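Here are the chains, one letter per residue:
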Amino acid sequence: MTYKQMSILTDVTQCIGCDKCVEACREENDLPPDKPWRWLRDITDLSTSRWTTVMRVKGDQGDRFVRRHCRHCLEPACVEACIVGALKKTPEGPVIYDRDICIGCRYCMIACPFEIPRYSWEDTVPYVQKCDLCYDRVQSEGKPPACVEACPSEATIFGEREELLEEARRRLAAEPQKYVQRIRGEREVGGTSVLHISDVDINLTDLDTAISDETPMPGRTFKVLQHMPTVFVQMAVVMGGLFWVIERRERLASERAAQAQKEEDAASPDGEGVDAAADSADSEDSNTPKGAE
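Not measured: the values here are computed from a predicted model.

Novice: Give a description of the overall build of the chain that names residues and reports values.
Specialist: The helix and strand inventory of the chain stands at nine helices and nine strands. Scored against the burial criterion, the 293 residues of the chain give a buried share of 38%. Across the chain, every contact between residues at least 6 apart in sequence was considered, and the portion connecting residues at least 24 apart equals 59%.

Next comes the structure, spelled out in structure tokens:
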């Protein structure tokens with residue numbers, strides 16, 4: 001079966017920074033209100049209450065607003081890094097997350113070149129959280145992602161990836177003096193399902209220079225990740241060996257203590273004989289006439 005690769009395209013020149021997409025995402029995913037947690041640099045950073053956020057980018061012609069959220073890479077490093085399969089790349093494009101499988105190792109957070117996944121440190125049982133491109137909503141209801149539907153200026157549109165790429169190319173060609181001639185997400189790290197066009201250069205992360213390469217991230221990280229199963233097996237062997245050594249030492253110490261007690265009991269007079277002699281002496285004393293004392 002052939003699946004359509006769905007994507008979203010954001011035209012930065014049309015974004016007005018209203019945050020309607022942020023609120024729509026919060027409502028759709030039942031996210032809590034923003035709180036100034038100490039691990040956040042800014043309350044508007046991506047967090048467990050903000051799966052998408054709007055960044056202000058300065059340009060020569062004024063500030064621009066750029067929406068940041070999971071890029072849903074075509075070859076996602078987070079999926080490759082997840083040792084239990086809690087993250088999955090769907091045939092339709094979105095990278096989704098299964099919290100029931102996740103063990104909280106947070107390798108996905110380290111692997112992501114866009115620094116997207118967040119961890120709910122504030123929860124008693126924390127989980128990784130990120131945008132899933134409203135996968136269930138799109139599949140079950142046939143609706144576009146909530147952020148797309150809420151955009152009042154149609155700065156973000158939803159559709160098949162190839163069609164959106166064609167639309168982006170059409171806009172760039174129609175106004176070459178207006179747009180930077182680059183489609184963000186077309187080829188970076190192998191391509192993403194979230195595309196941007198803009199009239200100013202935009203950096204979506206501090207690692208932007210590093211991710212300008214078109215090589216998919218899994219290709220770079222595989223040399224390390226392929227050794228992870230071996231590392232876990234080795235650690236299991238080491239921990240199992242330590243347990244065996246400690247348990248054996250404790251068992252031998254217990255056996256030596258029991259043997260020493262046994263030898264001590266054998267070397268001393270029999271307890272029952274001593275008691276019998278004492279009873280006999282008491283009996284003789286009781287039978288002696290008082291005059292004879």
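Novice: Please give an account of the pairing of strand β9 (residues 194-197) that cites residues and values.
Specialist: Residues Val194 and His196 line one face of β9 and the alternating positions Leu195 and Ile197 line the opposite face, and both faces are buried. Bridge analysis of strand β1 (residues 6-11) against β9 gives four bridges, and the strand direction is parallel. By the bridge assignment, Ile8 is partnered in β9 with Val194.

Novice: Lay out helix α6 (residues 161-174) with the relevant residues and their values.
Specialist: Here α6 is 14 residues long and its end C-alpha atoms lie 20 Å apart, about the 20 Å a rise of 1.5 Å per residue gives. Among all positions of α6, only Arg161, Leu164, Leu165, Ala168, Arg171 and Leu172 are buried. Across the axial projection of α6, the buried residues extend over an arc of 125°, all falling on one side. What points out from α6, more than 90 degrees from its buried face, is the exposed set Glu162, Glu163, Ala173 and Ala174. Looking at the packing, one finds that the buried side of α6 touches β1, β8 (156-160) and β9.

Novice: Residues and numbers for unusual backbone geometry, please.
Specialist: Most peptide bonds take the trans configuration, and most residues that are not glycine carry a negative phi. Positive phi, close to 55°, is recorded for Asp30, a residue that is not glycine. By secondary structure assignment, the location of Asp30 is in the loop between α1 (20-28) and β2 (53-59). Residue Asp30 is classed as exposed on the basis of its relative accessible area, which comes to 70%. Of note, the phi angle at Glu115 is positive, near 55°, even though the residue is not glycine. With respect to the element layout, Glu115 can be found in the loop between α3 (107-111) and β6 (118-119). Here Glu115 falls in the partly exposed class, since its relative accessible area comes to 30%.

Novice: Just give me the short version of the nonpolar core, but keep the residues and values in it.
Specialist: Counting 23 residues, the largest nonpolar core has Ile8, Cys21, Trp51, Val54, Phe114, Ile116 and Cys131 as its most contacted members. Examining the composition of this core, we find that three residues originate from one element, α1, more than from any other.

Novice: How would you summarise the environment of Glu167 if you had to cite specific residues and measurements?
Specialist: Mapped onto the elements, Glu167 comes out in helix α6. The spacing of Glu167 and Leu9 is 158 residues in sequence and 8.9 Å in space, taken between C-alpha atoms. When neighbours within four sequence positions are excluded, Glu167 is seen to be in contact with Leu9 and Ile157. Within the local environment of Glu167, its side chain forms a polar contact with the side chain of Arg170, the two groups lying 2.7 Å apart.

Novice: Which residues make up the pattern of salt bridges, and what values do they have?
Specialist: The full count for this structure, using the stated rule, is 19 salt bridges. Among the salt bridges present, the one from Glu160 reaches Lys4, with a minimum N-O distance of 3.7 Å. Linking Glu160 in strand β8 with Lys4 in the segment before β1, this pair joins segments that are 156 residues apart in sequence. Given the relative accessible area of 25%, Glu160 is considered partly exposed. Note on Lys4: relative accessible area 52%, which makes it exposed. Note that Arg170 and Glu167 form a salt bridge whose closest N and O atoms lie 2.7 Å from each other. Taken together, the positions of Arg170 and Glu167, both in helix α6 and three residues apart, correspond to about one turn of that helix. By relative accessible area, Arg170 is classed as partly exposed at 47%. Each of the salt bridges in this network shares a partner with another, and the network as a whole consists of Asp19, Glu23, Arg26, Asp34 and Arg50.

Novice: Tell me what's going on with a nonpolar patch on the surface, and back it up with residues and numbers.
Specialist: Where nonpolar side chains cluster on the molecular surface, the patch consists of Ile83, Val84, Ile101 and Ile103 and spans about 300 Å² of accessible area. Note that Val84 resides in the loop between α2 (77-81) and β4 (87-89).

Reading guide: rules and limits
- Residues numbered from 1 in each chain as written.
- Predicted model: local features only at pLDDT ≥ 70, side-chain atom pairs only at ≥ 80, totals over all residues.
- Heavy atoms only, no water.
- Helix = DSSP H or I, 4+ residues; strand = E, 2+ residues; numbered from the N terminus.
- Buried < 20%, exposed > 50% of the residue type's maximum accessible area, 1.4 Å probe, protein only.
- Contact = heavy atoms within 4.5 Å.
- Pairing = 2+ DSSP bridges.
- Expected span 1.5 Å × (residues − 1).
- Arc of directions from axis to C-beta.
- Core = buried A, V, L, I, M, F, W, Y, C linked by side-chain atoms within 4.5 Å.
- Polar contact = N/O pair within 3.5 Å; in protein donor to acceptor, adjacent residues only side chain to side chain.
- Salt bridge = Lys/Arg side-chain N within 4 Å of Asp/Glu carboxyl O.
- Patch = residues over 30% accessible without salt bridge, like charges linked within 9 Å, V, L, I, M, F, W, Y side chains within 5 Å.
- Areas by Shrake-Rupley, 256 points an atom, 1.4 Å probe, with all protein chains shown as cover.

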